[in-house]
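Here is how the chains run, residue by residue.
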Amino acid sequence: SPGGDSPGLSCDAGDFIEHAEFWGDVVVDGTRNLKTSASRCCEACAKIRSCRIWVWNPDSEQCWLKADERTQPKPVAEGASVAWTSGVLPRRKGPTVKYALAKDVADPTPPPKCLHTVLTSSGNAYMNWQTRIMYQTYLKHAAEPGSVMKAFTRILHRGKDDELMMEVPTMRFDPNQGKCDTWCDYPVADRSLAVAQWSQTTDSMRCSHVMMVETDYIYVKSPSPHILMPPGKAIGFEYSYIYPQDLNMKRVYEEYMREHADELGRSEWKREKFALPRTGNAPSCLNVEDLRRVAPLWAEFVARTEKPEEVRKALGWLRDMYAYDAAALAVGVEHVVAPTPQTPLMAQPPADEKIGDAFLLHYTWGPEIYDGKDEKLWVFDKRSYGGGQYQRGPYELSKIPDPPRWDPAAGLQLQDFFQPRTLSESKLELIRLMIDEFNEAVGKLPRIPKGHKTLEEAQVMAA
């Protein structure tokens, strides 16, 4: 089923291991997952693709569900003094969901010239509150007269459905890293593969162009049709920390091109200067046919930057962005990039002075506003919103207090991170625009995500 159930997995009592405890990466916290029997605990594990180990305590009725990548997991404790009953399920193979593919459509017609917003997520509670707000701002501005925004899809790379399946248009794809359903150190490693898989489905045929976004973006207006570039060209956002001649990525790129350039029709690559576009996959706007060429290779480069260890460490959190850039370079999709305010894509308050022609705002910086005496007047940081990043989902959404009004005599300033600290009137107005759009979206969202009768029901899906 779409929820990822796996019929046929054995929960026969003969497979249970009494007086044994196994370790593993936690998929479901046992203190929040009480089951009346070992069989029920095993059945709960069988319904989650990433779960291989279940551990049940007959006294507390705690049922811990865990992931383990080893071929043959071994117990860490055994004997009469161990209260736990445990079990190990086989690794699941093959997709848990299947979608209609574009290649199977007979006589397809070219998609209409419009923009399909695509958001990627691992479905954790922290990303999901941001997704709810992002989607609300999309709905508002897609309804503007003449808007080019005609479709929205959340690409969920997760082993089971989550609490937003009925509120936000979603297509779910199985992750490589099952433990990322709850927590892992690099969840975006599954993003590229999920986008590649989505690009092959009929859902990707709805518009001529794709706008890739992150959960912590908000729309503040509908984009100009001018961003819909011809095939072979795309628009990206300039990230100054991407180094176009990065040596680690250059080695990975050249190794791949030596093996596969002829397949790509890129025999001339050796004569070209190696220069990555200073961008990432989001925000970026590209032709859907170009995405179908870029995305599989993006996933390939993500995999190739995982090893050797020195490459993975050197590229760090940026390796997904570098992989996207290398894929675009390899297939010859030119990205036109520019910083704010020249970019037509995005601004980032309070780092940016003005929005320019951008239609997205990114609330990553966590602005703090102080008066001339260094007294804190106002703050908004997504990392502490709703109680912090590790709360149980779905989060209770609340409006953010309005930032202070402009007063030229108040000496308004930002936190020490920003130099100079002076907060200009235009920067304050950009912050205000972001908060107004954010709060308007919050005001439209119910406490319980659409499709659930109770908060408890939504919390089970969020686990």
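So, here is what we can say about the structure in this document. (Residues numbered from 1 in each chain as written. Predicted model: local features only at pLDDT ≥ 70, side-chain atom pairs only at ≥ 80, totals over all residues. Heavy atoms only, no water.)

## Section: the environment of valine 188
Going by this rule: By the criteria applied, helices consist of DSSP H or I runs no shorter than four residues and strands consist of E runs no shorter than two, each listed in order from the N terminus. A 1.4 Å probe rolled over the protein chains alone gives each residue an accessible area, and that area as a share of the maximum for its type sets the label: buried under 20%, exposed over 50%, partly exposed in between.
Here valine 188 shows up in the loop between β10 (170-173) and α3 (191-198). Of the residues examined, valine 188 reaches a relative accessible area of 17% and is grouped as buried. Counting along the chain gives 68 residues from valine 188 to threonine 120, while the straight-line C-alpha distance between them is 8.7 Å.

## Points about helix α5 (residues 288-304)
Note the following rule: Take the residue count of a helix, subtract one, and multiply by 1.5 Å to get its expected span. The quantity called bend is, for any residue, the angle between two axes fitted respectively to the seven residues ending at it and the seven beginning at it. Here a residue-residue contact requires only that any non-hydrogen atoms of the pair lie within 4.5 Å. The term polar contact refers here to a pair of N or O atoms within 3.5 Å; inside protein, the definition further demands a hydrogen-donor-capable atom paired with an acceptor-capable atom, and it admits residues adjacent in sequence only when both atoms are side-chain atoms.
Between its terminal C-alpha atoms α5 stretches 24 Å, which fits the 24 Å expected from 17 residues at 1.5 Å a residue. Most pronounced at valine 294, the bend in α5 amounts to some 25 degrees, and the proline proline 296 follows within four residues. Within α5, 12 of the 17 residues are buried, which leaves the element mostly enclosed by the surrounding structure. For α5, the set of buried residues is Val288, Asp290, Leu291, Arg292, Val294, Ala295, Leu297, Trp298, Ala299, Phe301, Val302 and Arg304. Packed against the buried residues of α5 are α3, β11 (209-213), β13 (233-237), α4 (247-264), β14 (284-287) and α7 (319-331). Here α5 starts with a cap whose side-chain oxygen sits 2.8 Å from the backbone nitrogen of glutamate 289, and that cap is asparagine 287.

## Describing the pairing of strand β4 (residues 53-56)
For clarity, the threshold we go by: Should DSSP find at least two bridges between two strands, the strands are taken to pair.
Alternating positions in β4 separate into two faces, Ile53 and Val55 on one and Trp54 and Trp56 on the other, with burial throughout. Examined bridge by bridge, β4 and strand β5 (residues 63-67) share four bridges and lie antiparallel to one another. Bridged to tryptophan 56 within β5 is cysteine 63. The antiparallel pairing of β4 with β5 creates a hairpin that spans six residues between the two strands, and glutamate 61 there sits at a positive phi of about 65 degrees. The pairing of β4 with strand β7 (residues 85-88) spans four bridges and is antiparallel. Paired with tryptophan 54 across the two strands is glycine 87, which belongs to β7.

## Points about the sheet that holds β7
Applicable threshold: Axes, fitted as lines to C-alpha atoms, cover a helix only where it is in contact. Angles between the N-to-C directions of the axes lie from 0 to 180 degrees.
Overall, antiparallel pairing links the five strands, which are arranged β1-β7-β4-β5-β3 in an open sheet. Whereas interior strands pair on both sides, the edge strands pair on one side only; in this sheet they are β1 (17-18) and β3 (25-28). Against the sheet, helix α1 (residues 38-46) touches β4, β5 and β7, its axis set at about 155 degrees to β4.

## Quick word on the state of the cysteines
The condition that has to hold: When the sulfur atoms of two cysteines come within 2.5 Å, that pair is taken as a disulfide.
By the definition in use, this model includes four disulfides. Across the disulfide, cysteine 11 is cross-linked to cysteine 42 (sulfur-sulfur distance 2.1 Å). Residues cysteine 11 and cysteine 42 are joined through a disulfide that is left-handed, its torsion about the S-S bond being -90 degrees. Separated by 31 residues along the polypeptide, cysteine 11 in the segment before β1 and cysteine 42 in helix α1 bring together distant segments of the chain.

## Side note on the nonpolar core
Condition: Grouping buried Ala, Val, Leu, Ile, Met, Phe, Trp, Tyr and Cys residues that are joined through side-chain atoms within 4.5 Å yields what is termed a nonpolar core.
Counting 72 residues, the largest nonpolar core has Met211, Tyr219, Tyr253, Phe301 and Leu360 as its most contacted members. Apart from the residues within four sequence positions on either side, tyrosine 253 is in contact with Arg266, Trp269, Phe274, Phe301, Ala326, Leu329 and Ala330. With 31 residues, the next largest nonpolar core counts Trp129, Phe380, Leu428 and Val442 among its residues.

## Some points on the pattern of salt bridges
Basically, it comes down to this: Any Lys or Arg side-chain nitrogen found within 4 Å of a carboxyl oxygen on Asp or Glu counts as a salt bridge.
Enumeration over the complete set of coordinates arrives at 26 salt bridges. Arginine 132 is the partner of glutamate 167 in a salt bridge, and the nearest nitrogen-oxygen pair spans 2.7 Å. Taken together, the residues span a long stretch of sequence, with glutamate 167 in the loop between β9 (149-157) and β10 and arginine 132 in helix α2 (residues 125-142) at a distance of 35 residues. For glutamate 167, a relative accessible area of 13% gives the class buried. Its relative accessible area of 3% is what places arginine 132 among the buried residues. Here glutamate 429 ties to arginine 432 by a salt bridge, and the two come within 3.9 Å at their closest N and O atoms.

## A short note on the packing of aromatic side chains
Here is the rule we go by: The rule is short: rings of Phe, Tyr and Trp, with Trp giving its six-membered ring, pair when the centres are within 6.5 Å, and they are stacked under 30 degrees, edge-to-face over 60, tilted in between.
Across all of its chains, the model carries 28 aromatic pairs by this definition. With centroids separated by 6.2 Å and ring planes inclined at 85 degrees, the aromatic side chains of tyrosine 253 and tryptophan 269 adopt a geometry described as edge-to-face. A residue pair is termed long-range when its members are at least 10 positions apart, and tyrosine 253 in helix α4 and tryptophan 269 in the loop between α4 and β14 qualify at 16 residues. Residue classification places tryptophan 269 among the buried residues on the basis of a relative accessible area of 10%. With a centroid separation of 5.2 Å and 65 degrees between ring planes, the pair formed by tyrosine 256 and phenylalanine 301 is classed as edge-to-face. Of the two residues, tyrosine 256 is situated in helix α4 and phenylalanine 301 in helix α5; the sequence distance between them amounts to 45 residues.

## A look at the sheet that holds β9
With mixed pairing, the seven strands of this open sheet are ordered in space as β10-β9-β8-β11-β14-β13-β15. The outermost strands of the open sheet, each flanked by one partner alone, are β10 and β15 (334-338). Within this sheet the neighbouring strands show an average axis-to-axis angle of 25 degrees, counted without direction. Two strands pair when backbone bridges link them, and strand β8 (residues 115-121) and β9 are joined in this way by seven bridges, in the parallel orientation. Note that in β9 the partner of leucine 115 across the bridge is methionine 149.

## What about the environment of aspartate 352?
Note on placement: aspartate 352 falls in the loop between β16 (346-347) and β17 (360-362). Linking aspartate 352 and lysine 427, residues 75 residues apart in sequence, is a C-alpha distance of 6.8 Å. Within the structure, aspartate 352 has its side chain in polar contact with the side chain of threonine 340 (distance 3.3 Å).

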